[in-house]
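# What the coordinates show
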Amino acid sequence: MDRHEINVVHLPTLRRGPRPLRDLRALLALYRLMRRLQPDVVHTHKSKAGALGRVAALLAGVPVRVHTYHGHVLSGYFHPLVARGIVLCERALALGTTRLLTVSERLRDELSQERGVAPQSRFRVVPLGLDLAPFRQAEQHRGGLRRELGLPADTALLGVVGRMVPIKDHATFLAGFAALRAQPGAPPVHAVLVGAGERLAELQALASHLGIRDAVSFLGWRRDLPQIYADLDALALTSRNEGTPVAVIEALAAGVPVVATHVGGVAD
């Protein structure tokens, strides 16, 4: 599709975090937009945008309302009482949604059987569509990251790729990495953390506190991920909640072993 056929509308009031008055304005703006456009289908994503978008679509009389769960915030994000309230809201929203989509079977089962959002028959699984060809060819980039970091070939290189936010639980990785290095006779090992976010400074301070700061490289956001995976000996994922972690799929396509927490769609 030609990019000029896609009309992007930016709503400044639609932002992360609960802000009742601002959220009400965002809901009103979405309702007015849908009344003007009169779409046949509204497809929402994410938690807050999905809630406001589905309510606006229902009020505007949109015939078909579809929502995709790429993950969920029903566990690991908020206090249990708050999480319970969010579950109840999701159940109510599901009643007014034509079709619910998830990116993995495990995520579907968790939402339907464990959280009771809606019966399993209301869900369809649509796996992520990713271009993995660059990662299958990652071998050609081997050695580049080690040269960038000044690491010898006999140093094992462990990596984490993802947003530095609480749900990703990088602290567990750093604690495990520190314990690994402290083992008697442990081989030389180095860690790279690819990504950025609200916990970056906190995680850098934690690495210093654990005495491993010199063995951990914080690389920030990177677009050359095939080059990153090419030199990794293993990828770690310590998330407390996941939908379908793209980093795990990319690493496996590049032939990199993965050690991950058994959450969400990771097993799928």
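One can find the structure itself at the top, above this paragraph.
Summarised in this report is the structure supplied together with it. Source: prediction; values computed, not measured.

### Examining the sheet that holds strand β7 (residues 216–220)
Taken together, the 5 strands give an open sheet; going across it, the order is β7-β6-β5-β8-β9, and neighbouring strands pair in parallel fashion. Looking at the sheet topology across the chains shown, the edges are occupied by β7 and β9 (258–260). Sheet twist, expressed as the average angle between the axes of neighbouring strands with direction ignored, equals 25 degrees. Strands in contact with helix α10 (residues 246–253) are β5 (156–161), β8 (234–237) and β9; relative to β8, the strand with the most contacts, it is inclined by about 165 degrees.

### Concerning the packing of helix α1 (residues 20–37) against helix α2 (residues 47–59)
Between two packed helices, what matters for the description is the angle formed by their axes and the separation of those axes. Where α1 contacts α2, the two axes come as close as 8 Å, and the packing angle between them is 45 degrees. As summarised for this structure, α1 and α2 are arranged oblique, according to the angle between their axes. Crossing of α1 against α2: the hand is right-handed. Every residue of α2 that contacts α1 at R22, D23, A26, L27, L30, Y31 and M34 is listed here: K48, L52, G53, V55, A56, A57 and L59.

### Things to note about the environment of V9
One can find V9 in the segment before α1. Exposure remark for V9: the relative accessible area of 41% places this residue in the partly exposed category. Along the primary structure V9 and L33 are separated by 24 residues, whereas in three dimensions their C-alpha atoms are 9.2 Å apart.

### Section: the pairing of strand β1 (residues 41–45)
Burial along β1 is one-sided: V42 and T44 are buried, and none of V41, H43 and H45, which face the opposite way, are. Where β1 lies against strand β2 (residues 64–69), 5 bridges are found, and the strand directions are parallel. Bridging across to β2, V42 finds its partner in R65. Each parallel crossover has a hand, and for β1 linked through α2 to β2 it is right-handed.

What counts, and where the lines are drawn
Residues numbered from 1 in each chain as written. Predicted model: local features only at pLDDT ≥ 70, side-chain atom pairs only at ≥ 80, totals over all residues. Heavy atoms only, no water. Pairing = 2+ DSSP bridges. Helix = DSSP H or I, 4+ residues; strand = E, 2+ residues; numbered from the N terminus. Axes fitted to C-alpha atoms, helices over the stretch in contact; angles between N-to-C directions. Contact = heavy atoms within 4.5 Å. Parallel < 35°, antiparallel > 145°, perpendicular 65-115°, else oblique. Left-handed = near helix turned anticlockwise from the far one by under 90°. Buried < 20%, exposed > 50% of the residue type's maximum accessible area, 1.4 Å probe, protein only. Right-handed = clockwise from strand over helix to strand, strands pointing away.

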